[in-house]
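Each chain, letter by letter, is given below.
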Amino acid sequence: MKRRAILLGAGALLGGLGGYLLWGGRRSIDVRAIQTRAEATGARYGIRIGYGPPDTFFVPPYTAADARIKGAIATQVELTVLPPALDGIEQSLRIYPPGFFARFCGAIFLCGSLTLDGVQAGGTYGPAWIILVATERVGETGIFETARLGVHHEFSSLLWNRIPSLPLRWASLLPPGWRPVRDNAQALQAPDHGSMKLSDGFLSPYGATTAENDFNVYAETLFTNPRRIVELAAEHDIVARKAAVLMAAYAELDGRLSTVFQGLGLARLRNTVPDRPKGGISVSPNAIPQGEITPR
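Scoring rules and cut-offs
Sequence order sets the numbering: in each chain, residues are counted from 1 along the sequence as written. Confidence filtering applies because this is a predicted model: local features only for residues at pLDDT of at least 70, side-chain atom pairs given and counted only at 80 or more, and all residues used for totals across whole chains, interfaces and linings. Only hydrogens and water are set aside; all other atoms, that is, all heavy atoms of the structure, feed into the side-chain values. Only runs of H or I of at least four residues qualify as helices and only runs of E of at least two qualify as strands under DSSP, and these elements are numbered from the N terminus. Burial classes: relative accessible area under 20% of the type maximum marks a residue as buried, over 50% as exposed, and values in between as partly exposed (1.4 Å probe, protein chains only). Each helix should span, by expectation, one fewer than its residue count multiplied by 1.5 Å. To define a nonpolar core, start from buried Ala, Val, Leu, Ile, Met, Phe, Trp, Tyr and Cys residues and group those joined through side-chain atoms within 4.5 Å. In what follows, a contact means two residues having at least one pair of non-hydrogen atoms within 4.5 Å. Between N-to-C directions, angles span 0 to 180 degrees; the directions come from axes that are lines fitted to C-alpha atoms, helices contributing only their stretch in contact. Throughout this description, any angle smaller than 35 degrees is read as roughly parallel, any larger than 145 degrees as roughly antiparallel, any in the 65 to 115 degree range as roughly perpendicular, and the remainder as oblique. For any pair of crossing helices, the crossing counts as left-handed if the nearer helix is rotated counterclockwise from the farther one by less than a right angle, and right-handed if it is rotated clockwise. In this classification, the charged set is Asp, Glu, Lys and Arg, the nonpolar set is Ala, Val, Leu, Ile, Met, Phe, Trp, Tyr, Cys and Pro, and all remaining amino acids, among them Gly, are polar. Here a salt bridge means any side-chain nitrogen of Lys or Arg lying within 4 Å of a carboxyl oxygen belonging to Asp or Glu. What makes two strands pair is DSSP finding at least two bridges between them. What qualifies as a polar contact is a pair of N or O atoms within 3.5 Å, subject to a donor-acceptor requirement within protein and to the restriction that residues adjacent in sequence count only when both atoms come from side chains.

A. Broad picture of the overall build of the protein. Across its full length, the protein holds 11 helices and nine strands. Counting only residues that meet the buried cut, the protein has 53% of its 296 residues in that class.

Okay, here's the thing in structure tokens:
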């Protein structure tokens, strides 16, 4: 997972605004066009793209109770930030083979802000959906990048929890004596530039906080910046081995991912996948955060 009054859903908002333009800063937003685009994008990929009150962030068979995230507070997104967020979402969804993403993730929800254990975050996930932050504070480029990277980052957690053997395989590649941080706050406050060593296999200080966060960072980097993975793998065998484990896990779920990885120039790294550990490795527990929604 990474770095929601009167609550009106998208339908109620549209009913009140009709065909008028919604102004934000110097931009104007056609509310109906936003709704149409979100619905069309969702239909294209077999998922729901939601941006209403955060207490509606769930998909059947789950209920509103499952929208509550422990230790989390989310606010409703402003419609003016949706175009660049949708751009980022669409760019990332195009990478996956048809139907693959929808098999494991029923929706992508957009919120205006998100705090986990009191610290600002850029996204999180539920049992069968992901949540991404889109805020004017970071500008159009920041909104786009948060969505583009966030799709891969948060989606990888759904797969991490889907494959029972994956945490054990990943744990076998962590440095001796490494320990995860105790909570989201510590993880999210990891410095952008720390003393972590690439020879330990961590791509960022944030990735070094928990095994799952490490896997998330590898997923977003592999799909959005594969050249970096290739370059680092040439210098650090542990990077190649982690990338290989990640690709093998995705391909276990759908063999078409092998073709995707080949197109990204990562095929040769798949030959470095290590043997599966036979036990004796301590793996930190995984927990999907649960929590509360606050009025804006």
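That covers the picture; the talk isn't over yet.
B. Broad picture of helix H10 (residues 237-253). For H10, with 17 residues, the first-to-last C-alpha span of 25 Å sits near the 24 Å given by 1.5 Å per residue. In terms of burial, H10 is largely enclosed, as 14 of its 17 residues are buried.

C. Structural view of the nonpolar core. If you look at the biggest cluster of nonpolar residues, it comprises 69 residues, and the most contacted ones within it are Phe101 and Tyr250. Ranked by the residues each element gives to this core, the list is headed by H10, at 10 residues. Beyond its immediate chain neighbours, meaning those up to four positions away, Phe101 contacts Ile47, Leu93, Tyr96, Ile108, Ile130, Val151 and Phe155. Listed in part, the 15 residues of the second largest apolar core include Ile69, Ala107, Phe109 and Leu116.

D. Here's a closer look at the packing of helix H5 (residues 139-160) against helix H8 (residues 211-224). With their axes 8 Å apart at the nearest point, H5 and H8 run at an angle of 130° to one another. Judged by the angle between their axes, H5 and H8 are oblique. The two elements H5 and H8 meet at a crossing, and its hand is right-handed. Residue-level inspection shows Arg148, Leu149, His152, His153, Ser156, Ser157 and Trp160 of H5 in contact with H8, the latter providing Ala211, Glu212, Phe215, Asn216, Val217, Ala219, Glu220, Phe223 and Thr224. Grouping the constituent residues of the contact of H5 with H8 by class yields seven nonpolar, six polar and three charged.

E. Main features of the pattern of salt bridges. Enumeration over the complete set of coordinates arrives at eight salt bridges. In this structure, the salt-bridge partner of Arg37 is Asp87, at a minimum N-O distance of 2.4 Å. In this pair, Arg37 is assigned in helix H2 (residues 31-45) and Asp87 in helix H3 (residues 82-93), connecting sequence segments 50 residues apart. Of the residues examined, Asp87 reaches a relative accessible area of 36% and is grouped as partly exposed. Residue Arg148 is joined to Glu145 by a salt bridge in which the shortest nitrogen-to-oxygen separation is 2.9 Å. With Arg148 and Glu145 both in helix H5, this residue pair falls three residues apart, about one helical turn.

F. Geometry of the pairing of strand S8 (residues 129-133). Taken across its five residues, S8 has five buried, putting it largely inside the fold. Burial along S8 is two-sided: Trp129, Ile131 and Val133 facing one way and Ile130 and Leu132 facing the other are all buried. Where strand S5 (residues 107-116) meets S8, five bridges bridge the pair, whose relative direction is parallel. When the sheet's bridge partners are listed, Cys111 is paired in S8 with Val133. Pairing of strand S7 (residues 123-125) with S8, which is carried by three bridges, proceeds in the antiparallel orientation. Paired with Tyr125 across the two strands is Ile130, which belongs to S8. Between S7 and S8, which follow one another and run antiparallel, lie three residues.

G. Spatial organisation of the side chain of Thr209. With respect to the helices and strands, Thr209 occurs in the loop between helix H7 (184-188) and H8. For Thr209, a relative accessible area of 5% translates into the label buried. Here Asn213 takes part through its side chain, which lies 2.9 Å from a polar atom of the side chain of Thr209.

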